[in-house]
Amino acid sequence: MPGRLPHSIGTFSTPSPPRKTRNGTWRTTVRYHGAWGIQFIERTGATAGEARNRLAEALRDFREETGEGRITRTTTLQTLAEELLAEMDADAACSLSLIEDYRREIFVSHDRRANPKTIKIENTLGRLQIWQATAGELDRHLKRLVAQGFRRKAKQHKIILRAMMQIAVRHGALTTNPVNGVSAFRKTKRDGRGKVADLAALPAFRSQVRAWARGEEIPGTPAYKSGPHRDWTMVWVVDVITGTGIRPHEVFALLLEDIHLDADEPYFDVTGTLEEVKGQGTGGWIRKPAPKTDNGWRRILLPAHTIEAIKEATLDLEVSQNPNPDNLLFPARNGSLRNPNNFGRIWRAARGSDFAWVTPRTFRKGVATTVDNAYEDPERAARQLGNTTAIAKAHYIDRPETVPDNREVLEKWALGEPAPSNTDR
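Residues numbered from 1 in each chain as written. Predicted model: local features only at pLDDT ≥ 70, side-chain atom pairs only at ≥ 80, totals over all residues. Heavy atoms only, no water.

A. Representation of the pairing of strand 3 (residues 26-34) within the structure. Judged from the two bridges that link them, strand 1 (residues 11-12) and strand 3 form a sheet pairing that is antiparallel. Within strand 3, the residue paired with Thr11 across the bridge is His33. Strand direction decides the pairing type here: strand 2 (residues 19-20) and strand 3, joined by two bridges, are antiparallel. Its bridge partner being in strand 3, Arg19 is matched across the sheet by Arg27. Pairing of strand 3 with strand 4 (residues 37-45) involves nine bridges; the strand directions are antiparallel. Looking at the pairing, Thr29 lines up with Glu42 of strand 4. (Pairing = 2+ DSSP bridges. Helix = DSSP H or I, 4+ residues; strand = E, 2+ residues; numbered from the N terminus.)

Structure follows, in structure tokens:
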């Protein structure tokens, strides 16, 4: 005679009838036949009907526990964020700088210099359970950030929250990602800077930066009186960016051995960039031995004003005899990598109030605009910046891309002279 058929995996047995216990409450139980064995679920109530209703709610919300680290509806968003970072750490495709960007927006910094009231996911949404993180709740959080003027932070939080909630969907704690129901950010129109109308500002900006470096007063910044002397590196960095269009983080990753001023046509190779990674306090900076993108590895011919700046910077390294173990063109005073955030404070002081709109990225855009206007060739400008996606890249993998000779137009731009148009050639 055949035995009793086993229960199907993932099913419940018939709930037991509510029974009154010694303390006067009513108790009912049910067995769940899962992949990891049988689990007993029980609920109590003041009456038999209440116990029955509570058990029905428990069955509705039940998710099988299949081991430690299980993501359920009651998992907090803080735990979910930690799970996201763990997945990113294990993914070789995620760069250290990207992981650090996510970590900085999730956790409240414990650095004594940091503001503990800075809005992070940890101190705003972190205590919510997954089932409480509805589209409406997340939408209100993002709109609060925008209302306080933190539009960029709101966009970052939306990206991180989407990745977090997708983990909950993958684990079966949710059926859909609630971030999909959040309202989109409306595009805001801003005045174009770094475009044609602002190209003529470069000679005046270069002149002001030199005045600032000499200790003179400029609009918005008083004259130097005491403390460490102003850093002339600001002058050289401006001339390197405006003569090449390289990214700000690539500037501080330039190695002396990649610079060839004695060549028939002086050039340097862009072979790396700076990345911020997790470390003590607010983190640390490392030199990544590869540019930001595949197309970023390139060889750039240098105009005269950039050559002069590099010569002055190199001579300053020789005269100062400061430590420079990484052989950088622009090391920090103690010989370590220069922190781009610290340099940003110097940049803001040197640009003053008249050029408050100028950032290193402004003149990177200016380089592209100048080259494009002179040659009517967007591809030429894109190659100058290292943004090209040309298929020929695959055929030159063992050598950097050599960009076209743009020295003449960039030099004339730096000096305030009109660049020759394509029709003059």
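B. Spatial organisation of helix 5 (residues 151-170). Spanning 20 residues, helix 5 covers 29 Å between terminal C-alpha atoms, matching the ideal 28 Å at 1.5 Å per step. Burial in helix 5 covers these residues: Arg151, Lys153, Ala154, His157, Lys158, Ile160, Leu161, Met164, Met165, Ile167 and Ala168. Contacts made by the buried residues of helix 5 are with helix 2 (77-90), helix 3 (96-106) and helix 4 (135-147). (Expected span 1.5 Å × (residues − 1). Buried < 20%, exposed > 50% of the residue type's maximum accessible area, 1.4 Å probe, protein only. Contact = heavy atoms within 4.5 Å.)

C. Seen up close, helix 6 (residues 202-213). Taking 1.5 Å of rise per residue, 12 residues should cover 16 Å, and helix 6 covers 16 Å from first to last C-alpha, within 8% of that figure. Buried residues of helix 6: Leu202, Phe205, Arg206, Gln208, Val209, Ala211, Trp212 and Ala213, and no others. Residues of helix 6 that are buried in the fold lie against helix 7 (233-244), helix 9 (304-320), helix 10 (340-351), helix 11 (360-375) and helix 13 (407-415). Two residues or fewer after helix 6 comes Gly215, characterised by a positive phi angle close to 95°.

D. Just the packing of aromatic side chains, in detail. Scanning the entire structure with this criterion turns up eight aromatic pairs. Geometrically, the ring pair formed by Phe12 and Tyr32 is tilted, given 5.0 Å between the ring centres and 55° between the ring planes. Highlighted residues: Phe12 in strand 1 and Tyr32 in strand 3, separated in sequence by 20 residues. Judged by relative accessible area, Phe12 falls into the partly exposed class, the value being 30%. Taken together, a centroid distance of 5.3 Å and an interplanar angle of 55° make the contact between Phe205 and Phe363 tilted. On the criterion of sequence distance, the pair formed by Phe205 in helix 6 and Phe363 in helix 11 is long-range, its members being 158 residues apart. (Phe/Tyr/Trp six-rings, centres within 6.5 Å; stacked < 30°, edge-to-face > 60°.)

E. Quick look at the packing of helix 2 against helix 5. In contact at an axis separation of 9 Å, helix 2 and helix 5 are set at 95° when each is read in the N-to-C sense. Classed by the angle they form, the pair helix 2 and helix 5 counts as roughly perpendicular. Only Ile160, Ala163, Met164, Met165, Ile167, Ala168 and Arg170 of helix 5 make contact with helix 2, whose side of the interface consists of Leu77, Leu80, Ala81, Glu83, Leu84 and Glu87. Of the residues assigned to the contact of helix 2 with helix 5, the class counts are 10 nonpolar, no polar and three charged. (Axes fitted to C-alpha atoms, helices over the stretch in contact; angles between N-to-C directions. Parallel < 35°, antiparallel > 145°, perpendicular 65-115°, else oblique. Nonpolar A, V, L, I, M, F, W, Y, C, P; charged D, E, K, R; others polar.)

F. Examining the packing of helix 7 against helix 10 more closely. Here helix 7 crosses helix 10 at 90°, and the two axes come no closer than 11 Å. The pairing of helix 7 with helix 10 is recorded here as roughly perpendicular in orientation. Facing helix 7, whose interface residues are Met234, Val237 and Val238, helix 10 presents Phe343, Ile346, Trp347 and Ala350. In the contact of helix 7 with helix 10, the residues fall into seven nonpolar, no polar and no charged.

That's the geometry; what it means functionally is another story.
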